[in-house]
Amino acid sequence: LMDGMLDMSVNNIRNFETGDIQIAHPEYWNNRDDLPLEHLIEWDEELQEHLLQSESVIGVSPELRFSANLNNGIDEMGVIGLGIEREKYQDVYQTNNYFVEGSMSALSENKAVIGEQMAELLDLTINDYVILLVRTKEDTFNTIDVEIGGIVKTLNPVMNNRMVLVPLELAQERLNVEDSISMLSLKTSSGEEETVIQSLEGYFRQENLSLQAYAWQESAKNVIALAVAKKSGAGAVLSVVLL
């Protein structure tokens with residue numbers, strides 16, 4: 001039972017938050033929980049083409065992560081903003097399979113996608129307008145005004161409670177980061193993560209790029225450590241009971 005719960009938690013992280021591999025600047029990675037707008041990646045066609053050359057790489061999703069306050073005109077709450085390219089995002093994540101209302105195509109119309117619990121908490125429905133209050137790269141205030149175009153109910157609590165998906169170009173414009181992104185998330189063939197990471201690190205060294213590839217275990221290590229601790233504790237209690 002506990003092994004099954006761990007597998008489910010890990011799959012939720014990979015399918016909705018991290019993908020199988022993430023690529024980021026080491027300085028950004030060390031401070032990623034703070035959602036900084038420094039040490040970003042310059043996203044270009046050359047890098048994209050190289051990543052997709054590997055047969056083991058199924059999808060590549062560029063992402064711009066940022067901190068924001070979502071305001072519905074009455075209430076306000078802190079959220080995680082995620083600027084994405086719709087089609088590339090769908091190649092890596094399974095969010096598209098969990099829509100309650102609307103669809104992922106709303107992002108093509110400069111609309112936003114939020115989780116069901118967030119919608120219930122702020123009393124939001126499809127076609128409602130909200131304001132995301134953000135700080136730009138220069139630490140000045142700006143806003144992202146969007147219409148709710150989709151509501152999802154996934155198996156991941158972070159997606160349901162805290163995340164707001166917006167078009168990547170819109171987020172880049174309002175945060176004044178030009179064509180930069182926070183990180184890249186990759187979907188790979190099963191069991192090919194280490195092979196892809198080794199290939200990527202060789203390419204980064206060859207091209208003198210200040211980037212590093214991280215397996216999903218790096219992002220899930222707290223969940224894994226907690227599950228191992230729980231399993232050990234349960235094993236100790238069971239041993240006493242059997243004795």
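So, a few notes on the structure that sits alongside this text.

Reading the values: rules and limits
Residues numbered from 1 in each chain as written. Predicted model: local features only at pLDDT ≥ 70, side-chain atom pairs only at ≥ 80, totals over all residues. Heavy atoms only, no water. Helix = DSSP H or I, 4+ residues; strand = E, 2+ residues; numbered from the N terminus. Expected span 1.5 Å × (residues − 1). Buried < 20%, exposed > 50% of the residue type's maximum accessible area, 1.4 Å probe, protein only. Arc of directions from axis to C-beta. Contact = heavy atoms within 4.5 Å. Core = buried A, V, L, I, M, F, W, Y, C linked by side-chain atoms within 4.5 Å.

Here we look at helix H8 (residues 193-206)
In an α-helix, one full turn covers 3.6 residues, which means residues spaced three or four apart are oriented alike.
1) Next: Between its first and last C-alpha atoms H8 spans 20 Å; for 14 residues at 1.5 Å apiece the expected length is 20 Å, and the two agree.
2) Next: Within H8, the full set of buried residues consists of Glu193, Val196, Ile197, Leu200, Tyr203 and Phe204. In a view along the axis of H8, the buried residues occupy a sector of 125 degrees, so they form one face of it. Exposed residues lying more than 90 degrees from the buried face of H8 are Gln198, Arg205 and Gln206.
3) Next: One or two positions beyond H8, positive phi appears at asparagine 208, with a value near 55 degrees.

Here we look at helix H3 (residues 45-53)
1) Next: Listed as buried for H3 are Leu47, Gln48 and Leu51. Each buried residue of H3 lies within a common arc of 100 degrees when the element is viewed along its axis, so the set occupies one face. Facing away from the buried side of H3 by more than 90 degrees, the exposed set consists of Glu45, Glu46 and Gln53.
2) Next: Contact partners of the buried residues in H3: strand S1 (21-24), strand S2 (41-42), strand S3 (57-71), helix H4 (86-92), strand S11 (183-188) and H8.

Remarks on the nonpolar core
1) Next: Counting residues in each nonpolar core, the largest one holds 52 residues, and the members touching the most others are Ile23, Phe66, Leu70, Leu132, Val164, Leu184 and Leu186.
2) Next: Top element by residues in this core is S3. It accounts for 6 residues.
3) Next: Ignoring sequence-local partners within four residues, the contact set of leucine 184 consists of Ile21, Gln22, Ile23, Ile41, Trp43, Leu47, Leu51, Val60, Ser61 and Pro62.
4) Next: In terms of nonpolar packing, the next biggest core, distinct from the first, is built from 15 residues, Ile80, Val92, Tyr93 and Met163 among them.

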